[in-house]
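Spelled out, the chains give:
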Amino acid sequence: MLVRLLFLSSVLLICVGSANAGKTSGFTRNEWPSIDIPLDNEVFAVPKGYNAPQQVHITQGDYDGKAVIISWVTPDEPGSNKVQYGLSEGKYDFTAEGTVQNYTFYDYKSGYIHQCLVDGLQYDTKYYYEIGNGDSSRKFWFQTPPKIDPEASYKFGIIGDLGQTYNSLSTLEHSMQTGTQAILFVGDLSYADRYENHDVGVRWDSWGRFVERSAAYQPWIWSAGNHEIEYFPQMREVIPFRNYLHRYPTPYPASESSSPLWYAVRRASAHIIVLSSYSPFVKYTPQWKWLRQELKKVDRQKTPWLIVLMHAPIYNSNEAHFFEGESMRVVYESWFCQYKVDVIFAGHVHAYERSYRISSLRQNGSSYPVPDKSAPVYITVGDGGNQEGLAKKFRDPQPDYSAFREASYGHSTLEVKNKTHAIYHWNRNDDGKRVQTDTFVLHNQYWGNSRRRRKLKKKVLDYAIANL
Ligand SMILES: [Fe+2]
């Protein structure tokens with residue numbers, strides 16, 4: 001009943017929303033200071049025991065969701081690379097062996113970073129796993145997704161620009177309350193690049209311990225932002241993405257990508273494409289060639305939902321970072337419309353915004369967007385809560401391509417119900433509380449054709465009238 005009512009209210013909301021121009025929310029909040037939580041706070045606590053594994057996180061390990069990559073750090077010595085796992089707690093019938101490495105960054109020396117591929121898993125199954133040795137070992141679990149199926153339901157969380165402040169903690173805790181099964185992360189992880197010298201590595205470590213409460217139990221699908229670049233000639237660190245790439249592996253070979261920075265995974269009924277805003281993407285570059293091939297592989301009969309993640313938004317009406325996604329728009333927008341991408345999530349701008357379905361394709365070179373039924377919805381969720389604070393200044397007046405915008409912190413959920421529709425929420429952090437603020441039904445671009453959509457609306461309205 002609750003789900004039906006939620007669905008009904010969502011459909012009514014979108015009906016109301018589509019009859020009006022976009023909305024700029026006037027919500028203001030008593031913003032907590034945008035400062036990083038001190039290192040001695042319990043949210044960064046080092047697990048007890050000699051050489052105990054810390055910074056545990058998992059990500060999808062293959063193309064279709066039957067594998068995970070488990071990563072962790074041992075601080076004192078390499079220790080064991082083994083993951084023991086099985087179908088019940090404490091009873092581990094299987095073992096996988098990973099690799100270990102460490103690296104230096106200026107005068108910082110990392111702990112021992114372990115990465116272990118656990119593959120050949122069954123779909124839709126809860127696995128328990130244990131890492132580390134003796135008294136220092138630690139136990140976690142994860143749930144594999146259902147098999148690739150067009151009708152499979154699945155709940156994604158979307159988080160961006162998280163950082164490690166009290167606002168970040170609020171976002172993380174709220175996301176853990178919403179029952180998500182995997183997180184789509186749209187870049188800018190730790191904001192460790194705001195520090196200098198040794199402290200850069202230290203804040204990458206603290207962030208790993210910070211997100212473990214979620215990332216050890218459900219896969220985070222990573223994409224890189226500008227804060228992962230870390231080009232520091234003054235520290236003689238000039239190779240981009242070094243800390244990020246050492247710590248956050250992605251299953252890029254499974255989608256025949258040549259770089260961990262752009263790749264694709266399929267999960268339940270979704271095909272998820274991760275792009276890198278800060279790697280070459282113009283015509284003939286590896287990323288461009290890869291994306292051209294990957295889009296051809298999308299099979300909407302098997303994975304009806306086509307989702308793209310990137311860091312710099314293509315459409316956004318905030319004064320911050322305005323037009324920074326324009327060069328990627330010029331190169332990829334025609335593909336996004338041709339292949340009927342359902343939704344594109346981005347971060348970067350520290351505020352929330354959702355667009356209508358729009359494109360600039362029919363504007364003869366001008367980049368001002370107009371309604372386009374074959375275009376994606378563009379959603380900016382760069383509002384995780386990092387130490388740089390909110391991007392409070394939106395362009396005025398609100399452009400007619402912008403459906404809803406609000407300069408406060410939060411995260412989103414996308415609950416895929418079946419092949420035709422998904423329920424989307426943006427959840428505002430109202431200080432300690434989570435408040436569902438922007439809600440709509442996302443109709444699938446491939447399956448949710450207008451006839452089908454009209455029937456669905458009629459059915460829901462009939463239900464509403466019958467229950468008045
Ligand atoms: Fe950013």
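Owing to the predicted nature of the structure, the values given are computational and were not obtained by experimental measurement.

### Observations concerning the overall build of the protein chain
Logical step 1: Scanning the protein chain for helices and strands turns up 7 helices and 26 strands.
Logical step 2: Computed over the C-alpha atoms, the radius of gyration of the protein chain is 22 Å, within 12% of the 23 Å expected from 2.2 N^0.38 for a compact globule of 468 residues.
Logical step 3: The dimensions of the protein chain, computed from C-alpha atoms along their principal axes, are 65 × 50 × 50 Å.
Logical step 4: The buried share of the protein chain, taken over its 468 residues, is 47%.
Logical step 5: Considering only intrachain contacts with a sequence separation of at least 6, the fraction spanning at least 24 residues in the protein chain is 71%.

### A few points about the domain arrangement of the protein chain
Logical step 1: Under the domain assignment used here, the protein chain contains domain 1 (2–39 + 149–466) and domain 2 (51–143).
Logical step 2: Spacing between the C-alpha centres of domain 1 and domain 2 amounts to 27 Å.
Logical step 3: Counting residues at the interface gives 33 residues for domain 1, matched by 28 residues for domain 2.
Logical step 4: For the side of domain 1 that touches domain 2, the elements supplying multiple residues, two or more each, are α3 (198–215), β14 (220–221), α4 (242–247) and β15 (263–267).
Logical step 5: Here the element with the most residues in the side of domain 1 that touches domain 2 is α3; it accounts for 10 residues.

### Re the confidence of the model for the protein chain
Logical step 1: The predicted model of the protein chain averages 92 in pLDDT, with 90% of residues at 70 or higher.
Logical step 2: Here residues 1–20 scores under 50 on pLDDT; set against residues more than four positions off or in separate chains, the count is 17 contacts.

### Focus on the pairing of strand β3 (residues 68–74)
Logical step 1: β3 sits mainly inside the fold: 7 of its 7 residues count as buried.
Logical step 2: On β3, burial covers both faces: Val68, Ile70, Trp72 and Thr74 on one face and Ile69, Ser71 and Val73 on the other are all buried.
Logical step 3: Pairing of strand β2 (residues 54–60) with β3 involves 5 bridges; the strand directions are antiparallel. When the bridges of β3 are listed, His57 appears paired with Ser71.
Logical step 4: For β3 and strand β9 (residues 112–118), the ladder comprises 7 bridges, and the chain directions are antiparallel. When the bridges of β9 are listed, Thr74 appears paired with Tyr112.

### Remarks on the nonpolar core
Logical step 1: With 106 residues, the main nonpolar core has Leu184, Ile221, Ile272, Leu309, Ile344 and Phe345 as its most contacted residues.
Logical step 2: Of all the elements, α3 adds the most residues to this core, at 6 residues.
Logical step 3: Looking at this core, you find at least three residues from each of domain 1 (2–39 + 149–466) and domain 2 (51–143).
Logical step 4: Residue contacts for Phe345: discarding those within four places in its chain leaves Ile158, Leu184, Val186, Leu309, Ile379 and Val381.

Calculation notes
- Residues numbered from 1 in each chain as written.
- Predicted model: local features only at pLDDT ≥ 70, side-chain atom pairs only at ≥ 80, totals over all residues.
- Helix = DSSP H or I, 4+ residues; strand = E, 2+ residues; numbered from the N terminus.
- Rg over C-alpha atoms; globule rule 2.2 N^0.38 Å.
- Buried ≥ 20, exposed ≤ 12 C-beta atoms within 10 Å, placed from the backbone.
- Contact = placed C-beta atoms within 7 Å.
- Domains from an automatic or database assignment.
- pLDDT = per-residue confidence, 0-100.
- Pairing = 2+ DSSP bridges.
- Core = buried A, V, L, I, M, F, W, Y, C linked by C-beta atoms within 7 Å.

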